[in-house]
Amino acid sequence: MQQIINFVIRNKTFLLFLLLFSVSLTLTIQSHSYHRSKFINSASALAGGVYGTFNSIDKYFNLKDQNKILVEENKRLRNELFNLNKPIDTSSLDNIQSRLNYRITTAEVYKNSYSSTNNYLTINKGKKDSIKEDFGVISPKGIIGIIDNTSNNYSTVLSILNTNSKINAEVKATNHFGSLEWDGKSPYLTQLVDVSKFAPIKIGDTIETGGQSAIFPKGIGIGTIEKFETDISGDTYNIEVKLFNDMTNIGTVYIINNLDKEEIINLESSVDD
């Protein structure tokens, strides 16, 4: 207490100045609307800046929760997109693809290889999540690969960066299709082969899934044409496809289960017999 009294005595002149300055400032603000509005605006700006800073910090620590919400929302939207009802032309068995029903499951990538010739990913969903072999795997940007093997809690994915991978794909602008393969070189490029030389393709055209398999719906993005040339026979194009996905950096993925797959496979097998 004595220290406080001594402090006041030593600084009485300065403290008196502060008191008088505060009184005069208050009277000025109260008696002049211009000064009052300026003060209120300044105080609001200061408070807004402080609240904005705390809000930004709060948002940063809530990013994980927000990302989970966005992933679930994307899953719902993809379910709706893949299951849009479309008219069916019953005169052609090919059009059975237009009524496919799909179920989407989200997963996180635990391991991703991209530097060997036969690359795989490991994801944190397996048999207990009803994941089976030959389910398709995509990201928000495009296709990733196909489920190759499963355990109770995990699955391995045959990456599109695998020399054993073959996926039906087409040129979006012309609907000319071929087989998407990988030559084992760049993780940013794959190859679309067996595309008819009569297809009017050009650099920059979009490549997407062709929908002629029971794994991927039609229209999932793959990449764009980087360059192309005719093969040795001169009958088809070999196309370099620049991938939409950065296959060296994959996080959240979506697993596609075609609920009509077994029915389609059985139907096609009976036709072949």
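So, here is what we can say about the structure in this document.

The rules behind these values
- Residues numbered from 1 in each chain as written.
- Predicted model: local features only at pLDDT ≥ 70, side-chain atom pairs only at ≥ 80, totals over all residues.
- Heavy atoms only, no water.
- Helix = DSSP H or I, 4+ residues; strand = E, 2+ residues; numbered from the N terminus.
- Buried < 20%, exposed > 50% of the residue type's maximum accessible area, 1.4 Å probe, protein only.
- Contact = heavy atoms within 4.5 Å.
- Areas by Shrake-Rupley, 256 points an atom, 1.4 Å probe, with all protein chains shown as cover.
- Salt bridge = Lys/Arg side-chain N within 4 Å of Asp/Glu carboxyl O.
- Pairing = 2+ DSSP bridges.
- Axes fitted to C-alpha atoms, helices over the stretch in contact; angles between N-to-C directions.
- Phe/Tyr/Trp six-rings, centres within 6.5 Å; stacked < 30°, edge-to-face > 60°.

1. Some thoughts on the overall build of the protein
- A count of helices and strands for the protein gives 5 helices and 12 strands.
- Counting every position in the protein, which comprises 273 residues, the buried fraction comes to 33%.
- Of the contacts formed within the protein by residues at least 6 apart in sequence, a portion of 58% connects residues at least 24 apart.
- Surface accessibility of the protein: about 17100 Å² in total, with carbon and sulfur atoms responsible for 55%.

2. Some details on the pattern of salt bridges
- What the rule picks out here adds up to 3 salt bridges.
- Taking the shortest distance from any N to any O, the salt bridge between Glu170 and Lys218 comes out at 2.4 Å. Of this pair, Glu170 sits in strand 6 (residues 167–171) while Lys218 sits in the loop between strand 9 (206–209) and strand 10 (221–230); the two residues are 48 residues apart in sequence, bridging distant segments of the chain.
- Between Asp205 and Lys202 there is a salt bridge; the shortest N-O distance is 3.1 Å.
- Classification of Asp205 by relative accessible area gives buried; the value is 6%.

3. Some words on the sheet that holds strand 8 (residues 189–196)
- Read around the closed barrel, 6 strands run 6-7-8-11-10-9, paired in antiparallel fashion. Averaged over all adjacent pairs, the angle separating strand axes in this sheet is 40°, with direction ignored.
- Bridge count for strand 8 against strand 11 (residues 236–243) is 6 bridges, and the pairing is antiparallel. Residue pairing in the sheet places Gln191 in a bridge with Glu240 of strand 11.

4. Side note on the sheet that holds strand 5 (residues 155–162)
- As summarised here, the arrangement of the 6 strands in space is 1-2-5-4-3-12, forming a closed barrel in which the pairing is antiparallel. Geometrically, the sheet is characterised by an average inter-axis angle of 45° between neighbouring strands, direction not taken into account.
- Two elements, strand 2 (residues 118–123) and strand 5, share 5 bridges in a ladder whose sense is antiparallel. Across the sheet, residue Thr122 finds its bridge partner in strand 5, namely Thr156.

5. Notes on the packing of aromatic side chains
- This model, assessed by the stated rule, comprises 2 aromatic pairs.
- Geometrically, the ring pair formed by Tyr110 and Tyr154 is tilted, given 5.7 Å between the ring centres and 55° between the ring planes. One end of the pair, Tyr110, is in strand 1 (residues 102–112); the other, Tyr154, is in the loop between strand 4 (143–150) and strand 5, with 44 residues separating them in the sequence.
- For the pair Phe228 and Tyr237, a centre-to-centre distance of 5.3 Å together with 80° between the ring planes defines the contact as edge-to-face.
- Judged by relative accessible area, Phe228 falls into the partly exposed class, the value being 31%.

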